Amino acid sequence: MPMQRRMRLGGVVAARATATDHVSWCAIFMKAYGVVCARHPELRRAYFSFPWAQLYEHPETAASFSVERAYEGESAVFFTRIPRPETLSLREIDAVVRRYKTAPLESLRSYRRIIGLSSLPFPVRRLIWWLAVQARGPFRAYFLGTFAASTTASEGGASLHQLSPLTTTLNYGQFEDDGTLDVRLTYDHRVLDGSTVARALVELESVLRGEIASELAETP
């Protein structure tokens, strides 16, 4: 299910503009939402149907984000994860994002794993994917993360209902001239109620306008 909130982030935009090196919005949102997820265990829960219906709660956050890269003459989407993004500085997260956008594919372990998996026969790929999603909670968190961040705002578009194997997936649109922005969380309704997600978006806006804006203002 998707949930949307229009956020007023003019102060965050202004704070980011004052820094000499502009931290990516992907890094900003991953850290801010990591802070929210670290505070609320229910946002770190996941639904498993095997061997019976159950919820698993991971002890820490892990952000998964997607990057479009050129591979064998085609545009391909690769994924990687950042453990506990709320404990890192915005610059540290941004450095990771930039590295996965520009470093040679073969130098990045998670990308090599994706390429290797894609070369396997279809039944084997399906089995590995099922194991990653359904086998064990720690296994899913290690390979896929506890939440995802994915956006196409830089290309001028926004996904309204983004599907994901994770409990929550964050995406956002483009900024208006007044600093407002539509931010969305797609969530697994088997794990979370709509009111929980709505409160998470309210708190996300508060973290962005508070802690994140302050850190951006302190960045030289």
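This section reports on the structure supplied with the text.

### Quick word on a nonpolar patch on the surface
- Together, Phe50, Leu127, Trp130, Leu131, Phe139, Tyr142 and Phe143 make up a nonpolar patch on the protein surface, roughly 630 Å² of accessible area in all.
- Every element with two or more residues in the nonpolar patch is listed here: α5 (122-135) and α6 (137-144).
- Here Leu131 shows up in helix α5.

### Details of the packing of helix α2 (residues 25-39) against helix α3 (residues 90-102)
- Direction vectors running N to C along α2 and α3 enclose 125°, while the axes themselves pass 9 Å from each other. With respect to α3, the element α2 is oriented oblique. Relative to α3, the crossing made by α2 is right-handed. Here α2 contributes Cys26, Ala27, Ile28, Met30 and Lys31 to the contact with α3, which in turn contributes Leu90, Ile93, Asp94 and Val97.
- Partitioning the contact of α2 with α3 into residue classes produces seven nonpolar, no polar and two charged.

### What about α6?
- When we look at burial in α6, the residues that qualify are Gly137, Arg140, Ala141 and Leu144. For α6, the angular spread of the buried residues around the axis is 100°, confining them to a single face.
- Among the structural elements, β2 (45-48), β3 (54-57), β4 (62-71), β5 (74-83) and α5 are those in contact with the buried residues of α6.
- Just beyond α6, the residue with positive phi is Gly145, at close to 95°.

### Some words on unusual backbone geometry
- Following Phe50, the chain continues into Pro51 via a peptide bond in cis, with omega recorded as -5°.
- Residue position: Pro51 is located in the loop between β2 and β3.
- Positive phi outside glycine occurs at Glu72, with the angle close to 50°.
- Relative to the helices and strands, Glu72 is located in the loop between β4 and β5.
- Using a relative accessible area of 67% as the deciding quantity, one classes Glu72 as exposed.
- Here Arg84, not a glycine, exhibits a phi torsion of approximately 45°, which is positive.
- In this fold, Arg84 is placed in the loop between β5 and α3.

### As for the packing of aromatic side chains
- Applying the stated criterion across every chain yields a total of twelve aromatic pairs.
- A centroid spacing of 4.7 Å and a plane angle of 45° characterise the contact between Trp25 and Phe175, whose relative ring orientation is tilted. Taken together, the residues span a long stretch of sequence, with Trp25 in helix α2 and Phe175 in the loop between β7 (168-172) and β8 (180-187) at a distance of 150 residues.
- A relative accessible area of 15% means that Trp25 is categorised as buried.
- Following the ring pairs from residue to residue traces out a cluster consisting of Phe65, Tyr71, Phe78, Tyr100 and Tyr111.
- The positively charged end of Arg99 is found above the aromatic ring belonging to Tyr100, 5.6 Å away from the centroid.
- The ring of Phe48 has Arg140 lying over it, and the distance from NZ or CZ to the ring centre is 4.3 Å.

About the cut-offs
Along every chain, residues carry numbers that run from 1 in the direction the sequence is written. Side-chain atom pairs in this predicted model are given and counted only at pLDDT of 80 or more, local residue features only at pLDDT of at least 70, and totals for whole chains, interfaces and linings cover all residues. Water and hydrogen atoms play no part in the side-chain values, which are based on all heavy atoms of the structure. Note on patches: the residues involved have over 30% relative accessible area and no salt bridge, like charges join within 9 Å, and the nonpolar side chains Val, Leu, Ile, Met, Phe, Trp and Tyr join within 5 Å. Every accessible area reported is derived by Shrake-Rupley at a probe size of 1.4 Å, with residue values counting cover from the shown protein chains alone. Whenever a carboxyl oxygen of Asp or Glu lies within 4 Å of a side-chain nitrogen of Lys or Arg, that contact is scored as a salt bridge. Every helix listed is a DSSP run of H or I at least four residues long, and every strand listed is a run of E at least two residues long, numbered separately from the N terminus. Whenever a helix is involved, its axis is fitted only over the stretch in contact; in every case the axis is a line through C-alpha atoms, and angles between N-to-C directions fall within 0 to 180 degrees. Angular relationships are summarised with four words: roughly parallel below 35 degrees, roughly antiparallel beyond 145, roughly perpendicular across 65 to 115, and oblique for the angles in between. Left-handed describes a crossing in which the near helix is turned anticlockwise from the far one by less than a right angle; the clockwise case is right-handed. When checking whether two residues touch, look at their non-hydrogen atoms; a contact exists if any pair is within 4.5 Å. Note on residue classes: Ala, Val, Leu, Ile, Met, Phe, Trp, Tyr, Cys and Pro are nonpolar, Asp, Glu, Lys and Arg are charged, and everything else, Gly too, is polar. Burial here depends on accessible area, computed with a 1.4 Å probe over protein chains only, as a share of the maximum for the residue type. Under 20% is buried, over 50% is exposed, and the range in between is partly exposed. In this description, the arc belongs to the directions extending from the helix axis to the C-beta atoms. Pairing of aromatic rings covers Phe, Tyr and the six-membered ring of Trp, with a centre-to-centre limit of 6.5 Å; geometry is then stacked below 30 degrees between planes, edge-to-face above 60, and tilted otherwise. By definition here, charges over rings are those cases where NZ of Lys or CZ of Arg is within 6 Å of the ring centre and within 35 degrees of the ring normal.

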